[in-house]
Amino acid sequence: MPSRRAVIGALLGGSVGAATLTEARSYLDRFAPLSGGVWGAATAGTSERVATPYGRATVRYDDAGIPTVQGVNEGALYFAVGYVHAADRLFEMDLIRRRMRGTLSAAVGERTVESDRFHVQMDFERAAEASWRTVRDTPTGDAMRAYAAGVEAQRTSDPLPLEFRLLDYEPGPWTPVDSMLVEKQISWGLTGSFRTLRRAAAVDALGESAASTLYPDRMDHEVPILRGEGSSGDGDAASVAATNVGVPRDDTLSSLGSWLDAFESGPGVGSNSWLVDGEHTASGAPLLANDPHLTLMAPPVWYQMHQRRPGMRVAGVTFPGVPFVVIGENDAGAWGFTNTGADVLDVYTYETRDGEYRYGDEWRSFDAEERTIDVAGGDDRTVTTRKTVHGPVIERDGRRVGVAWTGLQGSRTAIAVHELDRSGGREEALAALRKFDTPTQNAVYADRDGNTAFWVTGLIPVRRTDGEAVRGDRVFDGSTGEGEWPGYEPYGQPDRDDGWLPFAEKPGVRDPEYVATANQRVVDDPGHYLSDAYAAPFRARRIYDLLDERAAADEPFDLADMRRVQRDVLDERARLFVPAILDARDAMGERTRNAADRLAEWDYRMDRDSRAALVFELFVERYRGAVFDPVFDAAGLDDAYYPNDWVLLTLDPDGRWFADPPADGVDPRTRPALVASAMAATATHIDESGYETYGDYNRTAIDHPFDLEFLNYPRLPTDGSPATVRNFRRESGVGSSFRLLARFDGDPSLGMLPGGNDGEYFSDHYSDQLRAWADAEYRPLRPATDGDPAIRFDPADPTDSGGGADE
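From a predicted model like this one, the values you see are computed outputs, not experimental measurements.

### Looking at the overall build of the protein chain
Stage number 1. Secondary structure assignment for the protein chain yields 25 helices and 30 strands.
Stage number 2. Within the protein chain, buried positions represent 61% of all 807 residues.
Stage number 3. The contacts of the protein chain with a sequence gap of at least 6 include a subset with a gap of at least 24, amounting to 73%.
Stage number 4. When the accessible surface of the protein chain is totalled, it reaches about 28,900 Å², and 43% of it is carbon and sulfur.

Right under this line is the structure:
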């Protein structure tokens, strides 16, 4: 029987064989519901009264376990927020900081050593310390110190959550730097991408022409976020010239890129948002929608709450570990975010010798340090970390690259979100967003006075080679000074006045009639390089089609319209490609034609009770493999190199990928033959699986990090696909991590989490919102203000009343 840490390490490390999983379940079933010791730890209630040095506060919970935290001042408020986060999500918070520090193996053993190796080499901890230096002497720093004190008050007074008992360790003290590590994790999950390494490997294996087909600089569609003329609300568009300098052929980096795949932002991470101005609404007030698409897990990524103190009332979702509301609304306005997809990470190679690397005319010593990875139940590892002028060096099996990433610097994002929570309208919100350094985001905002805005946020580097601006879609030669970032200071404070795209020149607009973002290209001609890795346009096209249709009907928008858009499940992939499937019927056998004919009268909606939706989704998976796998296998590439479905479904049927595949040993194919083959495989799979409808296949798989049945959320049928507005990606565990519909007409805004607010398994609120989320329902964002508080925070000094928390 493996040790407890080895079992959990296997689960957390992601390399779990069937035997290990069976042993793990056998072992941990002893800790399942009604186990006396664990039951006591998990159900011990929080204290009704908690001593605080900051002033009085109260916490009331609604019937979904969503707290309303009210304090007499900021310190009192954020102390209570920290206490509440720790009470419901302490293990999640500790897991994040361990992952980012590279100390998971000290708790769980061998299976997370590679994760720790990567995170130690990147040295996210030093980056978090740089961000804390940026924040500590500001009001935001004071708020974060109060928050950390609240976390500590809970951690040191109440029984630890179930997971700590299973792993048999105790978490250390929580500090403001830990909150900054959570911020770094969020930023990395949205912008940490080594796609330039994959592109370089694809060029080497397939040639520049074929690789350019897979990863085009610009997808050929007409649905950018900002349609029509103009990309910026202030000044002129940036006049930086973008020079494409090609991609070097370098097969030595392909294995390094494969190792790094496990630590990048996951496939499908994205979001939707849109807003409509008051001129087009029935109420005369704006409407705003947002649903960020992040990893779906138990408990959810987000923690929902209401925060109140004199002069501020804010509601929405927070990241456990960080005190502020990130997406939500206050008395003045509402806001949401989607991922811009801006390219903010570059990779460098160097000429090296005996502990030195060449940089221009100099040979410089690597900034080297020996680090130890503690491994519970195993041998500790020693890792030599190296840094250059560009940042950390990532190395594996003798291959190494330098990495520059905007998140390795001190960031003002915590200040930005704190100020956004306190903002009094659009101009104050935009002023706050200027400080939103990482990650790069598409921000939408609307206020109660009718003002609206869209703006791209975040530090976006202007790369230079020999003084000329260049694109960032290649591996740079760091020794010759290619792709330099003026103003960049890894693990320090950036010079924000030099080397970055100015906020006023980022794509943005005030008072659009309506605007929609779905991670697509931001603007057709930005005048500067932003990225080459935008999402396929399927969701964006559908949102804009629905908004355009409603606007053309000359009928005002209302919240029901916004809800219909957010719940929409028409798949634009199907509209695009079903005709090609039906055109290939003559190449199919009778059984395969019967499956294809399900699509003939289909409305392209990915409904759970649809048989046609089942056929289409399984077909796309198999068609993707039929087109790319033979070429990739022959070229030594794997499915990490799959392009997006827009590329797949718009390949020229008479082009090279069919007539002259770009790899030795792959015979010419025809598209109808591959369509027929994929449909035949689809029909076989449906017969063998016993699936009757899409909902039999498209079920929630939202799991706890331990992946134990009693801790995982129930499997429920749901609607939607990777390409629908109501987004659900069964294959990658990504989907709508929170749904927000904000209004300003006197009625409450709406929201919904995919699971439960409380991370304690034995809580009534562990998964109580899951079914409603799967059914695309909503809850009003209404604070809990009635009845006695569940928790009261009283000054430690009984003579210090601190005022009333319920004012």
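### Examining the packing of helix 4 (residues 74-101) against helix 6 (residues 113-122)
Stage number 1. It is the contact of helix 4 with helix 6, at a shortest axis distance of 6 Å, that shows an interaxial angle of 70°. Taken together, the axis directions place helix 4 and helix 6 in an arrangement best described as roughly perpendicular. Contacts from Arg98, Arg99, Met100 and Arg101 of helix 4 reach helix 6 at Ser115, Asp116, His119 and Val120.
Stage number 2. Its residues assigned to classes, the contact of helix 4 with helix 6 shows two nonpolar, two polar and four charged.

### Let's talk about the side chain of His85
Stage number 1. By secondary structure assignment, the location of His85 is in helix 4.
Stage number 2. A relative accessible area of 0% means that His85 is categorised as buried.
Stage number 3. Looking at His85, its side chain comes within polar contact range of the side chain of Tyr147, at 2.6 Å.
Stage number 4. If we ignore the near neighbours within four places in the chain, the residues touching His85 are Leu90, Met93, Tyr147, Tyr303, Met305, Thr318, Phe319, Pro320, Gly321 and Val322.

### Regarding the pattern of salt bridges
Side chains carrying opposite charge are able to pair once their charged atoms draw close together.
Stage number 1. Tallied over the entire structure, the rule returns 66 salt bridges.
Stage number 2. Residue Asp561 pairs with Arg564 through a salt bridge whose shortest N-O separation is 2.3 Å. Pair noted here: Asp561 and Arg564 are both in helix 17 (residues 559-566), with a separation of three residues, about one helical turn.
Stage number 3. Asp561 sits in the buried class, given a relative accessible area of 6%.
Stage number 4. We classify Arg564 as exposed; its relative accessible area is 51%.

### Examining the sheet that holds strand 19 (residues 452-457)
Stage number 1. Ordered by their spatial adjacency, 11 strands build an open sheet running 1-30-2-3-6-7-8-9-18-19-23, and the pairing between neighbours is mixed. Looking at which strands have only one partner, the edges of the open sheet turn out to be strand 1 (49-52) and strand 23 (508-510). Within the sheet, the average angular offset between the axes of one strand and its neighbour, ignoring direction, is 15°.
Stage number 2. By the bridge criterion, six bridges tie strand 18 (residues 441-447) to strand 19 in an arrangement that is antiparallel. Bridge pairing in strand 19 places Gln441 opposite Thr457.
Stage number 3. Its contacts with the sheet put helix 14 (residues 413-421) on strand 6 (303-309), strand 7 (312-318), strand 8 (327-330) and strand 9 (333-339), and the angle it makes with strand 9 is roughly 150°.
Stage number 4. Against the sheet, helix 15 (residues 426-433) engages strand 9, strand 18, strand 19 and strand 23, with an angle of about 5° to strand 19.

### A short note on the nonpolar core
Stage number 1. If you look at the biggest cluster of nonpolar residues, it comprises 180 residues, and the most contacted ones within it are Phe118 and Trp302.
Stage number 2. For this core, the leading source of residues is helix 4, giving 14 residues.
Stage number 3. Leave out the neighbours within four places in its chain, and Phe118 touches Phe124, Trp188, Phe194, Trp259, Leu260, Phe263 and Ile394.
Stage number 4. If you look at the next biggest cluster of nonpolar residues, it comprises 56 residues, including Leu214, Ala595, Ala596 and Tyr604.

### What to know about the sheet that holds strand 13 (residues 362-365)
Through backbone hydrogen bonds, the strands of a sheet pair up, either in parallel or in antiparallel fashion.
Stage number 1. Ordered by their spatial adjacency, three strands build an open sheet running 11-12-13, and the pairing between neighbours is antiparallel. Edge positions in the sheet fall to strand 11 (352-353) and strand 13, since each has one partner strand and no second.
Stage number 2. When strand 12 (residues 356-359) meets strand 13, the two strands line up antiparallel, connected through four bridges. Looking at the pairing, Arg358 lines up with Trp363 of strand 13.

### Looking at the pairing of strand 10 (residues 345-349)
Stage number 1. Among the five residues of strand 10, four are classified as buried, and the element is accordingly described as predominantly covered.
Stage number 2. Bridging between strand 10 and strand 17 (residues 399-405) involves four bridges; their strand directions are antiparallel. Looking at the pairing, Tyr348 lines up with Gly402 of strand 17.
Stage number 3. Alignment of strand 10 against strand 22 (residues 476-477), held across two bridges, turns out to be parallel. The partner of Tyr348 across the bridge, within strand 22, is Phe476.

### Brief notes about helix 10 (residues 176-191)
Stage number 1. For helix 10, with 16 residues, the first-to-last C-alpha span of 23 Å sits near the 22 Å given by 1.5 Å per residue.
Stage number 2. Of all 16 residues in helix 10, 14 are buried, a share of seventy percent or more.

### Regarding the confidence of the model for the protein chain
Stage number 1. When the pLDDT values of the protein chain are averaged, the result is 90; 90% of them are 70 or greater.
Stage number 2. The low-confidence segment residues 1-46, where pLDDT is below 50, has 82 contacts with residues more than four positions distant or belonging to other chains.

### Quick word on the environment of Met122
Stage number 1. Along the chain, Met122 turns up in helix 6.
Stage number 2. Each C-alpha atom of the pair Met122 and Gly102 lies 9.4 Å from the other, and the pair is 20 residues apart in sequence.

### Quick notes on the packing of aromatic side chains
Stage number 1. On inspection of all chains with the given rule, the structure shows 44 aromatic pairs.
Stage number 2. On the numbers, 6.4 Å between centres and 80° between planes, the contact of Phe118 with Phe194 is edge-to-face. Of this pair, Phe118 sits in helix 6 while Phe194 sits in the loop between helix 10 and helix 11 (195-206); the two residues are 76 residues apart in sequence, bridging distant segments of the chain. Both residues of the pair, Phe118 and Phe194, belong to the buried class.
Stage number 3. Each member of the aromatic cluster is reached from another via a ring pair, and the members are Phe118, Phe124, Trp188, Phe194, Trp259, Phe263 and Trp405.
Stage number 4. Across from the ring centre of Tyr491, 4.6 Å away, lies the NZ or CZ of Arg126, which sits over that ring.

### Details of helix 16 (residues 538-552)
Stage number 1. The end-to-end C-alpha distance of helix 16, which contains 15 residues, comes to 21 Å, matching closely the 21 Å that a straight helix rising 1.5 Å per residue would cover.
Stage number 2. Those residues of helix 16 that fall on the buried side of the exposure criterion are Phe538, Arg539, Ala540, Arg542, Ile543, Tyr544, Leu546 and Leu547.
Stage number 3. Of the residues one or two after helix 16, Asp554 is the one with positive phi, at around 60°.

What counts and what doesn't
- Residues numbered from 1 in each chain as written.
- Predicted model: local features only at pLDDT ≥ 70, side-chain atom pairs only at ≥ 80, totals over all residues.
- Heavy atoms only, no water.
- Helix = DSSP H or I, 4+ residues; strand = E, 2+ residues; numbered from the N terminus.
- Buried < 20%, exposed > 50% of the residue type's maximum accessible area, 1.4 Å probe, protein only.
- Contact = heavy atoms within 4.5 Å.
- Areas by Shrake-Rupley, 256 points an atom, 1.4 Å probe, with all protein chains shown as cover.
- Axes fitted to C-alpha atoms, helices over the stretch in contact; angles between N-to-C directions.
- Parallel < 35°, antiparallel > 145°, perpendicular 65-115°, else oblique.
- Nonpolar A, V, L, I, M, F, W, Y, C, P; charged D, E, K, R; others polar.
- Polar contact = N/O pair within 3.5 Å; in protein donor to acceptor, adjacent residues only side chain to side chain.
- Salt bridge = Lys/Arg side-chain N within 4 Å of Asp/Glu carboxyl O.
- Pairing = 2+ DSSP bridges.
- Core = buried A, V, L, I, M, F, W, Y, C linked by side-chain atoms within 4.5 Å.
- Expected span 1.5 Å × (residues − 1).
- pLDDT = per-residue confidence, 0-100.
- Phe/Tyr/Trp six-rings, centres within 6.5 Å; stacked < 30°, edge-to-face > 60°.
- Lys NZ or Arg CZ within 6 Å of the ring centre and 35° of its normal.

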